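Take a look at the letters that make up each chain.
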2 protein chains.
Amino acid sequence: MLTQTLNTQAINTQIVGKIAPAHPVADQFGAITGHVGLVATEFSYRKDEEIYGEDEPAEYVYQVVTGAVSSYKLLSDGRRQIGAFHLPGDVFGLESGPAHRLAAEAIIDTTVRLVKRASLEKAAATDVQVARKLWAMTAGELRHAEDHMLLLGRKTAMERVATFLLEMDRRLAVAGMMALPMCRRDIGDYLGLTLETVSRALSQLHAQGILGFSGARQIVLRNRQRLQHLDA
Amino acid sequence: MLTQTLNTQAINTQIVGKIAPAHPVADQFGAITGHVGLVATEFSYRKDEEIYGEDEPAEYVYQVVTGAVSSYKLLSDGRRQIGAFHLPGDVFGLESGPAHRLAAEAIIDTTVRLVKRASLEKAAATDVQVARKLWAMTAGELRHAEDHMLLLGRKTAMERVATFLLEMDRRLAVAGMMALPMCRRDIGDYLGLTLETVSRALSQLHAQGILGFSGARQIVLRNRQRLQHLDA
DNA sequence: CGGCTAATTGATGAGAGTCAAGCAGCGTGG
DNA sequence: CCACGCTGCTTGACTCTCATCAATTAGCCG
């Protein structure tokens, strides 16, 4: 079904390495594919559209060009844990085994670049540098997951929200302001909290002057030091 | 300081591949090192002894021969999150980057086999099969961490304990009985609960006839199906 | 058998969840 | 350009699960 969607909506096929990196930072996708001449395709998803499901065969590896994606697991009764948010430049959907172990969906309108998993595997089989990079990317995800386990298992609601704000500030702040792509429910599902608890924590930080709002999703951190102090 | 300890206590140096695997299951260590002739050393730690600290340089990769190890992170005030338990046969301490991102300590008297990280790196640089195996091991850890994030973020206390029992049953049950190497506090720190909550959940499962005790750490699962049902 | 550590159990309380109401921001259409 | 309506966010009142504090009890090793 992903394949079907791809066939009907794919808009842009290019040789990776001939296009400019989407972002000024080291382009992780290019680092893998640049010198092996893999074909990458651009593709778009609308807000709330599923990119792949949990346990679905991992046919493609993705990189966010614009927009934002969440990776998550569900329990049978609908409880959801978001494991990571993927922002422009981030690679997601990379698996060592045959299937995706989290589902992924666009949280706002999103464009991704994608390559076939099989072609990466093939490149890795002959090029040790590619193999090393794939390992390093998985290790980076593991590092994030380990940090997040500490947050989910042992931090208070306020500490979780403080950690979240500092992470998003680091990853998407422009000119000291961040435009959050995700709603309060998504933040709650990422932090193991309810959306109400997230909202209350943000309100409290606002009341203390630690952050400012210009719209619920436009946040300015006014005192990173105090926020770091709240983050245990 | 690890080096110092190694110098004083190392007892056994061997060519990996010439010794019998510690366990009947596929030997992960051997899979990496068997055909490249790496030198492995055996080494022992006493209960509660630290094997390496968080952010310490990752000089060695380890495999549990006998005993059990926990990998954990600490907050400044002492709150602890155990990310994984390592049981006989398990590899731990494998890093793609330069440092350990969790600390590790023996939870009972433990013997490990270890190889220099640098020699693995070297083997991976020339042997794509080794590189692939290292990636797969890190991916396996990531899979466990992703499952554990769901547990920590979204499961109830009883669901967490049920998940834990089923995991340990799968990993260390012999003749339908499991001998837990870890205390209630360790279980709590793994599940994001207090030791009292773990104890109460176990007592409740006992009262319902779902499990039997012969000593606090000797547990028999009498009804895996009901336990699976309690695990969401 | 004695003494220590680990585990159980009970009483109480705090932090986050649930349920519910109202508000604000934003996109749409008149 | 402004009004309307939808969705998402905030806030309040109350509940409940799990943490905390405390006292026994059980298990284990010398």
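Residues numbered from 1 in each chain as written. Chains lettered and ligands numbered in written order. Predicted model: local features only at pLDDT ≥ 70, side-chain atom pairs only at ≥ 80, totals over all residues. Heavy atoms only, no water.

Under an unreviewed UniProt entry, chain A has the name Transcriptional regulator FixK and belongs to Bradyrhizobium nitroreducens.

Visitor: Would you take a moment to explain the pairing of strand 9 (residues 110-116) of chain B for this structure?
Guide: Consecutive side chains of a regular strand alternate in pointing toward one face of the sheet and then the other. Residue and element names in this part refer to chain B. Within strand 9, 6 of the 7 residues are buried, which leaves the element mostly enclosed by the surrounding structure. As paired elements, strand 2 (residues 39-45) and strand 9 share 5 bridges and run antiparallel to each other. In the sheet register, Y45 faces strand 9, and the bridge partner there is T110. Here strand 4 (residues 60-66) pairs with strand 9 via 6 bridges, running antiparallel. (Buried < 20%, exposed > 50% of the residue type's maximum accessible area, 1.4 Å probe, protein only. Helix = DSSP H or I, 4+ residues; strand = E, 2+ residues; numbered from the N terminus. Pairing = 2+ DSSP bridges.)

Visitor: Is there a simple way to explain the protein's contact with DNA strand C in this structure?
Guide: Taken together, 18 residues are adjacent to DNA strand C, and A157(A), T197(A), R184(B), S199(B) and S203(B) come closest. Put simply, 67% of the atoms of DNA strand C that lie within 4 Å of the protein are in sugar or phosphate. Here a base nitrogen of DNA strand C sits 2.8 Å away from a polar atom, N or O, in the side chain of R200(B). In terms of residue class, the surface near DNA strand C is made up of 6 nonpolar, 6 polar and 6 charged. (Near = heavy atom within 4 Å. Polar contact = N/O pair within 3.5 Å; in protein donor to acceptor, adjacent residues only side chain to side chain. Nonpolar A, V, L, I, M, F, W, Y, C, P; charged D, E, K, R; others polar.)

Visitor: What is the right way to read the packing of aromatic side chains from this model?
Guide: Both the distance between ring centres and the angle between the ring planes are used here to describe each pair of aromatic rings. Residues and elements named next belong to chain A. The tally for this structure, following the rule as stated, stands at 16 aromatic pairs over all chains. Geometrically, the ring pair formed by Y52 and Y62 is tilted, given 5.5 Å between the ring centres and 35° between the ring planes. Of this pair, Y52 sits in strand 3 (residues 50-52) while Y62 sits in strand 4 (residues 60-66); the two residues are 10 residues apart in sequence, bridging distant segments of the chain. Since its relative accessible area comes to 0%, Y62 is described here as buried. (Phe/Tyr/Trp six-rings, centres within 6.5 Å; stacked < 30°, edge-to-face > 60°.)

Visitor: Could you clarify how one ought to interpret the interface of chain A and chain B in this entry?
Guide: Accessible area lost on assembly of the parts is the figure often given for the size of an interface. Taken together, the contact pairs 43 residues of chain A with 43 residues of chain B. Around 4,000 Å² of area is buried between chain A and chain B when both sides are counted, 62% of it from carbon and sulfur atoms. It is W135(A), M149(A) and R154(A) in chain A that bury the most area against chain B; as a group they hold 21% of the surface buried on that side. Between the two partners, chain A and chain B, sit 9 salt bridges. A salt bridge links R154(A) to D189(B); the nearest nitrogen and oxygen atoms lie 2.7 Å apart. The interface formed by chain A and chain B contains 20 residue pairs in polar contact (both at pLDDT 80 or more). (Contact = heavy atoms within 4.5 Å. Buried area = accessible area lost by both parts, 1.4 Å probe. Salt bridge = Lys/Arg side-chain N within 4 Å of Asp/Glu carboxyl O.)

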